[in-house]
Amino acid sequence: MRIEDSGLVVPLRPDVTTVGRGRGVDIRLDDPSVSRLHAEIVRRGPYVYVVDMGLSRNGTRVNGRPIARRVLEDGDVVSFGTARCRMGGIPREEVDPDVELRRAVAPELTRREVDVLTALCRPALSDEAFVAPATARDIAGELVVTEAAVKQHLLRLYQKFRIPEGANRRTRLANEVIAMGLVRPLPPVHVPQQGRPMDGRATNGVRGAEPRRPGPPGHTSGHVTAPGRPAHAAGRRAS
């Protein structure tokens with residue numbers, strides 16, 4: 001693996017190579033967008049695949065595409081956060097990277113479940129680096145439903161996508177959905193000075209951001225939030 005910033009070439013271990021910013025990893029990337037334990041590169045016979053650990057805020061991409069797990073080919077560019085690395089020396093096999101480790105066929109989803117998944121993955125599909133997926137409260141605010149209803153939808157989605165219980169369950173679900181190509185980046189939404197966005201959709205939320213020009217008292221720049229929760233600013237602020 002060649003680290004593009006430094007030009008350093010690092011050999012992979014025979015089985016599992018850990019990548020991250022922490023001191024205990026096999027390949028250490030000194031980049032603030034890289035998590036301490038960001039990903040693993042696994043060798044199985046002639047095949048090499050990368051696995052995002054689901055612990056990173058900025059995700060893992062292969063040739064620009066967000067992934068959860070993907071077989072690598074010679075020359076692939078793997079991005080850990082914003083740190084780019086190029087793979088080399090991988091034996092050329094007649095294997096389709098999308099087929100070799102293909103996930104199960106996407107389960108049948110209701111329209112509301114698609115809405116929940118889209119809201120869940122919206123931060124990951126913004127123009128910003130990969131961030132944590134939306135919380136149940138964020139999703140409830142965007143879809144104008146109760147947080148309890150969103151949690152029920154998420155429980156059913158965990159079952160449909162076979163996401164086991166444990167830490168970072170929302171992140172693992174978001175990674176799975178993005179890897180299967182079930183959600184796509186959405187165009188920026190114009191937010192008028194008052195009221196909801198022009199097309200009626202909520203905007204990409206960025207936690208802690210403030211609107212550029214505050215409106216009248218109680219005004220939230222068109223982003224509906226749950227009671228008692230600060231409003232989110234749009235991922236791309238209105239001009």
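Residues numbered from 1 in each chain as written. Predicted model: local features only at pLDDT ≥ 70, side-chain atom pairs only at ≥ 80, totals over all residues. Heavy atoms only, no water.

(A) Region of interest: unusual backbone geometry. The residue asparagine 63 is not glycine, and still its phi comes out positive at about 55°. Within the fold, asparagine 63 resides in the loop between β6 (60–62) and β7 (65–67). Classification of asparagine 63 by relative accessible area gives partly exposed; the value is 46%. At valine 144, a residue that is not glycine, the phi angle is positive and equals roughly 60°. (Helix = DSSP H or I, 4+ residues; strand = E, 2+ residues; numbered from the N terminus. Buried < 20%, exposed > 50% of the residue type's maximum accessible area, 1.4 Å probe, protein only.)

(B) Quick look at the sheet that holds strand β1 (residues 2–3). The antiparallel open sheet is built from five strands, whose spatial order is β1-β10-β9-β6-β7. The sheet terminates laterally at β1 and β7, the two strands that pair on one side only. Of the pairings in the sheet, the one linking β6 to strand β9 (residues 77–80) comprises three bridges and is antiparallel in character. Its bridge partner lying in β9, threonine 60 is registered against phenylalanine 80. (Pairing = 2+ DSSP bridges.)

(C) Summary view of helix α4 (residues 147–160). A rise of 1.5 Å per residue sets the reference length of α4, with its 14 residues, at 20 Å; its end C-alpha atoms lie 20 Å apart and thus fit the reference within 8%. Taken as a whole, α4 has its buried residues at Val150, His153, Leu154, Leu157 and Tyr158. Around the axis of α4, the buried residues are gathered within 140° of arc, so they sit on the same side. Turned more than 90 degrees away from the buried face of α4, the exposed residues are Ala148 and Gln159. If you follow the buried residues of α4, they end up packed against α2 (111–121), α3 (136–143) and α5 (169–179). Downstream of α4 by a residue or two, arginine 162 has a phi angle that is positive, lying close to 55°. (Expected span 1.5 Å × (residues − 1). Arc of directions from axis to C-beta. Contact = heavy atoms within 4.5 Å.)

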